[in-house]
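For reference, the chains in residue letters:
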Amino acid sequence: MQDKYKIDIISNNSINPRTMTKFLKSGELTSNWFEIDAKDAIVGRLASVISKIIRGKNKNTFTPHMDDGDFVVVKNIELAKFTGKKFKDKKYFRHTGYPGGIKEITPEKLLEKNKPGESLKLAVKRMLPGGVLGRKQLTKLKIYSGEKHPHSAQNPKIIDLGKLNKKNLIRN
């Protein structure tokens, strides 16, 4: 009869402070600067590397609901490449908000309008979360045509895309 009413005590370790995940406080956030040369880089692969850095996923202190990412400066964006026929055939859609107001544009037309970095910015934007956090993280992306940029005072660390993966660059 006593075995029938035996109660087992189960310990709950999920609220033990030693086993809980450590989240950063807003005062503990630090941002570094990185510089990437987009010469002969494939736009999609470049965007995935940039989005991981901007989001902060390259750090072991990644916190999903906080902006712990780093700044990224991309230079020589006019020399970035698309694979296949994407330069002519890929379409970016947007809507004006009015009935029948869907607009489309290709990367080729963006380059003609002197907006070479817009295709990379759209690719990175779509890899970030939607909402306030994603818009804030997108401001950490700085895109420039040519070799020079005004962020040399921050001493950015140079990332070589070819050393990360040989597929990141177009083979001639």
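In what follows, the structure referred to is the one given above.
**What to know about the overall build of the chain**
Consideration 1: Counting its regular elements, the chain contains six helices and six strands.
Consideration 2: For the chain, the N- to C-terminal ordering of α and β elements is β-α-β-α-β-β-α-α-α-β-β-α.
Consideration 3: Within the chain, the proportion of its 172 residues that are buried is 33%.
Consideration 4: Sequence-distant contacts, at least 24 apart, represent 69% of the contacts inside the chain between residues at least 6 apart.

**Overview of the sheet that holds strand S5 (residues 141-143)**
Consideration 1: If you trace the four strands from one edge of the open sheet to the other, you get S5-S2-S1-S6, paired in parallel fashion. With partners counted over all chains shown, the strands left at the sheet margins are S5 and strand S6 (157-159), one partner each. Direction aside, neighbouring strands of the sheet carry axes that sit 25° apart on average.
Consideration 2: In this structure, strand S1 (residues 33-37) lies alongside S6, joined through three bridges in parallel fashion. Paired with Phe34 across the bridge in S6 is Lys157.

**Comments concerning the pattern of salt bridges**
Consideration 1: Per the counting criterion, the structure on display carries six salt bridges.
Consideration 2: Residue Asp70 pairs with Lys59 through a salt bridge whose shortest N-O separation is 3.0 Å. Separated by eleven residues along the polypeptide, Asp70 in the loop between helix H1 (43-55) and strand S2 (71-75) and Lys59 in the loop between H1 and S2 bring together distant segments of the chain.
Consideration 3: We classify Lys59 as buried; its relative accessible area is 17%.
Consideration 4: Lys140 is the partner of Asp67 in a salt bridge, and the nearest nitrogen-oxygen pair spans 3.5 Å. Here the residue Asp67 occupies a position in the loop between H1 and S2, and Lys140 occupies one in the loop between helix H5 (132-138) and S5, the gap between them amounting to 73 residues.
Consideration 5: Taken together, the shared-partner salt bridges in this structure form one network comprising Glu35, Lys75 and Glu147.

**Things to note about the packing of aromatic side chains**
Consideration 1: Inspection of every chain in the model, using the stated rule, returns two aromatic pairs.
Consideration 2: Look at Trp33 and Phe71: their rings are 4.4 Å apart centre to centre, the planes differ by 10°, and that puts the pair in the stacked class. Taken together, the residues span a long stretch of sequence, with Trp33 in strand S1 and Phe71 in strand S2 at a distance of 38 residues.
Consideration 3: Pairing Phe82 with Phe87 gives two aromatic rings, centres 6.2 Å apart and planes at 45°, and the pair type is tilted.

**A closer look at the environment of Lys148**
Consideration 1: Its location among the elements puts Lys148 in the loop between S5 and S6.
Consideration 2: When the C-alpha atoms of Lys148 and Lys75 are compared, they prove to be 7.3 Å apart, with 73 residues separating the residues in sequence.

**Considerations on the environment of Pro64**
Consideration 1: As for its placement among the helices and strands, Pro64 is situated in the loop between H1 and S2.
Consideration 2: Put simply, Pro64 and Pro129 are 65 residues apart on the chain and 9.8 Å apart in space, counted from C-alpha to C-alpha.
Consideration 3: The contacts of Pro64, once residues within four sequence positions are left out, are Phe23, Arg55 and Leu133.

**Re unusual backbone geometry**
Consideration 1: At Asn76, a residue that is not glycine, the phi angle is positive and equals roughly 60°.
Consideration 2: Position of Asn76 relative to the elements: it lies in the loop between S2 and helix H2 (86-89).
Consideration 3: Despite not being glycine, Asn114 shows a phi value in the positive range, around 60°.
Consideration 4: Relative to the elements of secondary structure, Asn114 occurs in the loop between helix H3 (107-112) and helix H4 (118-125).
Consideration 5: Taking the relative accessible area as the measure of exposure, Asn114 reaches 67% and is therefore exposed.

Quick notes on the rules
Residues numbered from 1 in each chain as written. Predicted model: local features only at pLDDT ≥ 70, side-chain atom pairs only at ≥ 80, totals over all residues. Heavy atoms only, no water. Helix = DSSP H or I, 4+ residues; strand = E, 2+ residues; numbered from the N terminus. Buried < 20%, exposed > 50% of the residue type's maximum accessible area, 1.4 Å probe, protein only. Contact = heavy atoms within 4.5 Å. Pairing = 2+ DSSP bridges. Axes fitted to C-alpha atoms, helices over the stretch in contact; angles between N-to-C directions. Salt bridge = Lys/Arg side-chain N within 4 Å of Asp/Glu carboxyl O. Phe/Tyr/Trp six-rings, centres within 6.5 Å; stacked < 30°, edge-to-face > 60°.

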